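Commentary on secondary and tertiary structure
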Amino acid sequence: MQNESVTGNGFFQILKGVGFALGFSFLAVIILANILRFTPLSDKIVYPVNQTVKVVAILLGSLLFIRGEKGFLKGGAVALLFTALSYLTFSAIGGDFSLSGWIFIELFLALFAGVIGGAVAVNLRRNA
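Residues numbered from 1 in each chain as written. Predicted model: local features only at pLDDT ≥ 70, side-chain atom pairs only at ≥ 80, totals over all residues. Heavy atoms only, no water.

With respect to the overall build of the protein chain
The helix and strand tally for the protein chain stands at 5 helices and 0 strands. Going residue by residue from the N terminus, the α and β elements of the protein chain occur as α-α-α-α-α. With 128 residues in all, the protein chain has 30% of them scored as buried. About 7,900 Å² of surface is accessible on the protein chain, with carbon and sulfur atoms providing 73% of the total. The distance from the centre of the 9 positive side-chain charges to the centre of the 5 negative ones in the protein chain is 8 Å. (Helix = DSSP H or I, 4+ residues; strand = E, 2+ residues; numbered from the N terminus. Buried < 20%, exposed > 50% of the residue type's maximum accessible area, 1.4 Å probe, protein only. Areas by Shrake-Rupley, 256 points an atom, 1.4 Å probe, with all protein chains shown as cover. Lys, Arg positive; Asp, Glu negative; His and termini not counted. Charge placed at Lys NZ, Arg CZ, Asp CG, Glu CD.)

Structure below.
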């Protein structure tokens, strides 16, 4: 068991992970928008690339910032908070807050990525 003062408060680990994931995904969306603007790529790639970016952002946020115990719970919290905040942020930018059935798939993918990322993060540090 690690000392909480060494690993940081779990709440702040989650916030740092979410902040990183939001920044990463926002930067990736800007890059994708510019690629689509200057190339003849189809708009059909936006949704799958966007989902991939979200999963990678959650994985990285969890892997980089989750420490201590209960990594799967902290990673799941990163995923849920990220999903909620990214939905609100990108809906505000797009001006459309409507929900679709795809939100459940997004939540599942996000939770899966967060739980795996958090569990791996605490076990990598435990074995290091």
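Next comes the rest of the account.
Some remarks on the confidence of the model for the protein chain
For the protein chain, the mean per-residue pLDDT works out to 89, and 91% of the residues sit at or above 70. Low pLDDT (under 50) marks residues 1-7, which in the prediction has 9 contacts with non-local residues, meaning those over four places away or in another chain. (pLDDT = per-residue confidence, 0-100. Contact = heavy atoms within 4.5 Å.)

Quick look at helix α4 (residues 71-94)
Along its 24 residues, α4 runs 33 Å from first to last C-alpha, staying within 8% of the 34 Å computed at 1.5 Å per residue. Within the span of α4, buried status applies to Gly71, Lys74, Gly75, Gly76, Val78, Ala79, Phe82, Thr83, Ser86 and Ser91. Gly95 sits one or two residues past α4 and shows a positive phi near 75°. (Expected span 1.5 Å × (residues − 1).)

Some remarks on the layout of surface pockets
By volume, the largest pocket is sized at about 570 Å³. Around the largest pocket, the lining comprises 23 residues; the ones closest to its centre are Asn50, Lys54, Phe90, Ser91 and Glu106. Breaking the lining of the largest pocket down by element, the ones donating at least two residues are α2 (10-38), α3 (46-65), α4 and α5 (102-127). The element contributing the most residues to the lining of the largest pocket is α4, with 6 residues. Partitioned by chemical class, the residues of the lining of the largest pocket number 11 nonpolar, 9 polar and 3 charged. (1 Å grid on protein atoms, 1.4 Å probe; cavity = no way out; pocket = protein on both sides within 12 Å on 5 of 7 lines; lining within 4 Å. Points joined across faces, edges and corners; volume = space filled by probe spheres on them. Nonpolar A, V, L, I, M, F, W, Y, C, P; charged D, E, K, R; others polar.)

Let's talk about the environment of Gln13
Here Gln13 lies in helix α2. The spacing of Gln13 and Phe65 is 52 residues in sequence and 5.5 Å in space, taken between C-alpha atoms.

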